[in-house]
Amino acid sequence: APWRLMMSLTPSRGCLLDLPWEDILVPHILCHLPLQQLLSLQRVSKSFQSLIQLYLANMRCFDSSQIGPAIPRAAFVNLLKDNEVLQHLALQNCADWLTDRELLPVIGQNHHLHQIQLKGCAQLSRHALVAISLSCPNLRRLSLAHCEWVDSLSLRSLADHCKALEAVDLTACRQLKDEAICYLVQKCSRLKSLSLAVNANVGDVAVEEIAKCCPELEHLDLTGCLRVKNDSIRVLAEYCPKLRSLKVKHCHNVAESSLSILRSRGVELDVEPPLQRALVLLQDVVGFAPFINLQI
């Protein structure tokens, strides 16, 4: 409906653009349009171009998925060149074009960012994370999944300057070891969600420090952390009463003896109890699991 309104009320009729831009058009009409349509609307007239530029300068959320992953570099820079009020920046899977050169100016002029998503942005460097840590003191949520350029020094910078972090995704950040994770959780004790999945360098030392430093922790993903063992899971159960979900699939050294403690508290686990796993396997392979007497 807002789009039809835009296209039907042209500037020549003196209706839409006569409304207050900052008080009415930007916050109450343009915000309902997809970003792709807003960019098309710029071509209607110079007045509409000015209106959309005003909207872009006051935009609180930018999500590249609304346009598509293949945004031309120059177009991205132009879209956000006047914006200093962003709160949410989502640039996941922009590996084909996003580099430090495009990202750093945006980060440098937006000090109110609460959420940043950079999943799969493989062409960035550690300088991007340092820039985020220095420019975004109010950062709450950060996704760096599959960003293998993240190293211990840049993560330490993040921990030193962004102590209000509540959710961090470090999936497949394979340069990170226990020491770097320990430093992060010591500085960022408000963490509620943390993913260290697909990192064979993470072990019991990091998990135990997470447990002792983050009493508000609700979600922890340790998928594929091969060095994690039962002892650290027991410490996690002892120190994290608010834990709601734990992922330990492919953690071959984590057994039911430690998971049962969490399971009894209603913590959501991605590993089924041994008996249930056996029954499912039997049903899949042989087809007679439903006939087993579970009371035996």
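Quick note: structure is the one above.
All of these numbers come straight from a predicted model, not from anything done at the bench.

Rules of the game
- For every chain, the first residue of its written sequence is number 1, and the numbers climb from 1 along that sequence.
- Totals for whole chains, interfaces and linings use every residue, but because this is a predicted model, local features are given only for residues with pLDDT of at least 70 and side-chain atom pairs only at 80 or more, for both listing and counting.
- Water and hydrogen atoms play no part in the side-chain values, which are based on all heavy atoms of the structure.
- Think of it this way: DSSP has to see at least two bridges between two strands before they count as a pair.
- A run of H or I in DSSP counts as a helix once it spans at least four residues, and a run of E counts as a strand once it spans at least two, with each numbered from the N terminus.
- The criterion for an aromatic pair is that two Phe, Tyr or Trp rings (for Trp, the six-membered ring) have centres within 6.5 Å, with stacked assigned to planes under 30 degrees apart, edge-to-face to planes over 60 apart and tilted to the rest.
- We call a charge positioned over a ring when the NZ of a Lys or the CZ of an Arg lies within 6 Å of the ring centre and within 35 degrees of the ring normal.
- In this description, a line fitted to the C-alpha atoms serves as the axis of each element, helices being fitted only across the stretch in contact, and the angle between N-to-C directions of two axes falls anywhere from 0 to 180 degrees.
- With respect to orientation, any angle under 35 degrees is reported as roughly parallel, any angle over 145 as roughly antiparallel, any angle of 65 to 115 as roughly perpendicular, and every other angle as oblique.
- Rotating anticlockwise by less than a right angle from the far helix to the near helix defines a left-handed crossing, while the corresponding clockwise rotation defines a right-handed one.
- Here a residue-residue contact requires only that any non-hydrogen atoms of the pair lie within 4.5 Å.
- Side-chain atoms within 4.5 Å are what join buried Ala, Val, Leu, Ile, Met, Phe, Trp, Tyr and Cys residues into a set we call a nonpolar core.
- Categorising residues by exposure relies on relative accessible area from a 1.4 Å probe, with only protein chains included: less than 20% of the type maximum marks a residue as buried, more than 50% marks it as exposed, and the intermediate range marks it as partly exposed.
- Boundaries between domains were set according to an automatic or database domain assignment.
- In what follows, salt bridge is the name for a side-chain nitrogen of Lys or Arg lying within 4 Å of a carboxyl oxygen of Asp or Glu.

A. View of the sheet that holds strand E3 (residues 115-117). Spatial strand order, E1-E2-E3-E4-E5-E6-E7-E8-E9: nine strands in an open sheet with parallel pairing. Edge strands, defined here as strands with exactly one partner in the open sheet, are strand E1 (61-63) and strand E9 (268-269). As paired strands, E3 and strand E4 (residues 141-143) are joined by three bridges and run parallel to one another. What sits directly across from Gln115, in E4, is Arg141.

B. Up close: the packing of aromatic side chains. Applying the stated criterion to the full structure yields two aromatic pairs. Connected via pairs of aromatic rings, a cluster forms that spans Phe62, Phe76 and Trp97. Above the ring of Tyr183, the side-chain terminus of Arg156 is found at 3.8 Å from the ring centroid.

C. Focus on the packing of helix H11 (residues 230-239) against helix H12 (residues 256-264). Relative orientation of the contacting elements H11 and H12 amounts to 15°, with a least axis distance of 8 Å. By the criterion of interaxial angle, the relationship of H11 to H12 is roughly parallel. Every pair of crossing elements has a handedness; the one defined by H11 and H12 is left-handed. On H12, the residues touching Asn230, Ile233, Arg234 and Ala237 of H11 are Ser257, Ser258, Leu259, Ile261 and Leu262.

D. The nonpolar core, seen in detail. The biggest cluster of nonpolar side chains holds 87 residues, and the ones touching the most others in it are Phe62, Leu222 and Leu246. When residues of this core are sorted by domain, at least three fall in each of domain 1 (20-58) and domain 2 (63-280). In contact with Phe62, other than residues within four places in its own chain, are Leu35, Ile67, Ile71, Phe76, Leu79, Leu80, Leu86, His88, Leu89, Ala90 and Leu91.

E. Structural detail: the environment of Leu222. The residue Leu222 is located in the loop between strand E7 (219-221) and H11 in this model. In this structure Leu222 comes out as buried when scored by relative accessible area, which is 0%. Separated by 24 residues in sequence, Leu222 and Val198 place their C-alpha atoms 7.4 Å apart. Those residues within four positions of Leu222 in sequence are excluded, and the remaining contacts are Leu196, Ala197, Val207, Val228, Ile233, Leu246, Lys247, Val248 and Cys251.

F. Structural view of the side chain of Ser133. Position of Ser133 relative to the elements: it lies in helix H7 (residues 126-135). What Ser133 contacts, discounting residues up to four positions off in sequence, is Ser157, Leu158, His161 and Cys162.

G. Molecular detail of the pattern of salt bridges. Counted by the stated rule, this structure contains nine salt bridges. Between Arg73 and Glu102 there is a salt bridge, with its nearest N and O atoms 3.5 Å apart. Of this pair, Arg73 sits in helix H5 (residues 73-80) while Glu102 sits in helix H6 (residues 100-108), and the two are 29 residues apart along the sequence. Linking Lys81 and Asp82 is a salt bridge whose minimum nitrogen-to-oxygen distance equals 2.9 Å.

H. Local environment of helix H9 (residues 178-187). Most of H9 sits inside the fold, with seven of its ten residues counted as buried. Taken residue by residue, H9 has Asp178, Ala180, Ile181, Cys182, Tyr183, Leu184 and Val185 as its buried positions. Buried residues along H9 sit in contact with helix H8 (152-161), strand E6 (193-195) and helix H10 (204-213).

I. Highlighting the environment of Leu170. Along the chain, Leu170 falls in the loop between strand E5 (167-169) and H9. On the basis of relative accessible area, Leu170 is assigned to the buried category, the value being 1%. Setting aside its immediate chain neighbours within four residues, Leu170 contacts Leu144, Leu155, Leu176, Ile181, Leu184, Ser195, Leu196 and Ala197.

Shape is all these values report; function is a separate question.
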